[in-house]
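Letter by letter, the chains look like this.
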Amino acid sequence: MGDDELAELRRRRMEEMRRQQMEPGAAEAEMERRKEAEAQIRTILTQILEPEARERLNTIKMTKPEFARAVEQQLVMLAQSGRIQSRISDAQLKQLLSQLVPQKKDFNITRR
């Protein structure tokens, strides 16, 4: 994580703590809003992803939650804008993920 990301996380956490101190019921309302948003995202993903693709995305979520969240947000935005016409198959999701994941550099070390 970079310094900017850490500063942003700290700022968000401090803001959240201030809100909790000021309004005791606000924390529960915020949790409820988050749960509703997550449920809405799951519903949209269920509609646009085939079961194999959804399973792949869940597996990625276990290993790289931030990356999976970003992919989910992109898929939801594409679906809401009408750019996804049919359900996304596992092969299509693999292709999308390969475009989003930065390519690793291979190093070959030879001894003489």
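My aim in this report is to walk through the structure given alongside it, one point at a time. Worth saying up front: this structure is predicted, and the values here are computed from it rather than measured.

1. Some words on the environment of T46
Right, so step 1: As for its position among the elements, T46 is in helix α2 (residues 26–48).
Right, so step 2: The exposure class assigned to T46 is partly exposed, which follows from its relative accessible area of 39%.
Right, so step 3: Contact partners of T46, with chain neighbours within four places excluded, come to R54 and R87.
Right, so step 4: A distance of 2.7 Å separates a polar side-chain atom of T46 from the backbone oxygen of R42.

2. Description of the packing of helix α3 (residues 51–63) against helix α4 (residues 65–80)
Right, so step 1: Look at α3 against α4: their axes get within 6 Å of each other, and the N-to-C directions meet at 140°. Viewed along their axes, α3 and α4 adopt a mutual orientation that is oblique. Two secondary-structure elements touch here, α3 through L57, I60, K61 and T63 and α4 through P65, F67, A68, V71, E72 and L75.
Right, so step 2: Of the residues contributing to the contact of α3 with α4, the split by class is 7 nonpolar, 1 polar and 2 charged.

3. A short note on the environment of T110
Right, so step 1: With respect to the helices and strands, the residue T110 is situated in the segment after α5 (90–100).
Right, so step 2: With relative accessibility at 63%, the residue T110 sits in the exposed group.
Right, so step 3: Spatially, the C-alpha atom of T110 lies 46 Å from that of L78, the residues being 32 residues apart in sequence.

The rules behind the values
Numbering of residues starts from 1 in every chain and runs along the sequence as written. The predicted origin of the model limits local features to residues at a pLDDT of at least 70 and limits the giving and counting of side-chain atom pairs to 80 or more, whereas totals for whole chains, interfaces and linings rest on all residues. Hydrogens are left out, water is left out, and the side-chain values use all remaining heavy atoms of the structure. Secondary structure elements are taken from DSSP: a helix is a run of H or I of four residues or more, a strand is a run of E of two residues or more, and numbering for both begins at the N terminus. Relative accessible area decides the class of each residue, using a 1.4 Å probe on protein chains only: under 20% of the type maximum gives buried, over 50% gives exposed, and in between gives partly exposed. We call two residues in contact when some of their heavy atoms are within 4.5 Å. The term polar contact refers here to a pair of N or O atoms within 3.5 Å; inside protein, the definition further demands a hydrogen-donor-capable atom paired with an acceptor-capable atom, and it admits residues adjacent in sequence only when both atoms are side-chain atoms. Only C-alpha atoms enter the line fits that serve as axes; for helices the fit covers just the stretch in contact. Angles between N-to-C directions range over 0 to 180 degrees. An angle below 35 degrees is read as roughly parallel, one above 145 as roughly antiparallel, one from 65 to 115 as roughly perpendicular, and any other as oblique. Lys, Arg, Asp and Glu make up the charged group, whereas Ala, Val, Leu, Ile, Met, Phe, Trp, Tyr, Cys and Pro make up the nonpolar group; the residues left over, Gly among them, are polar.

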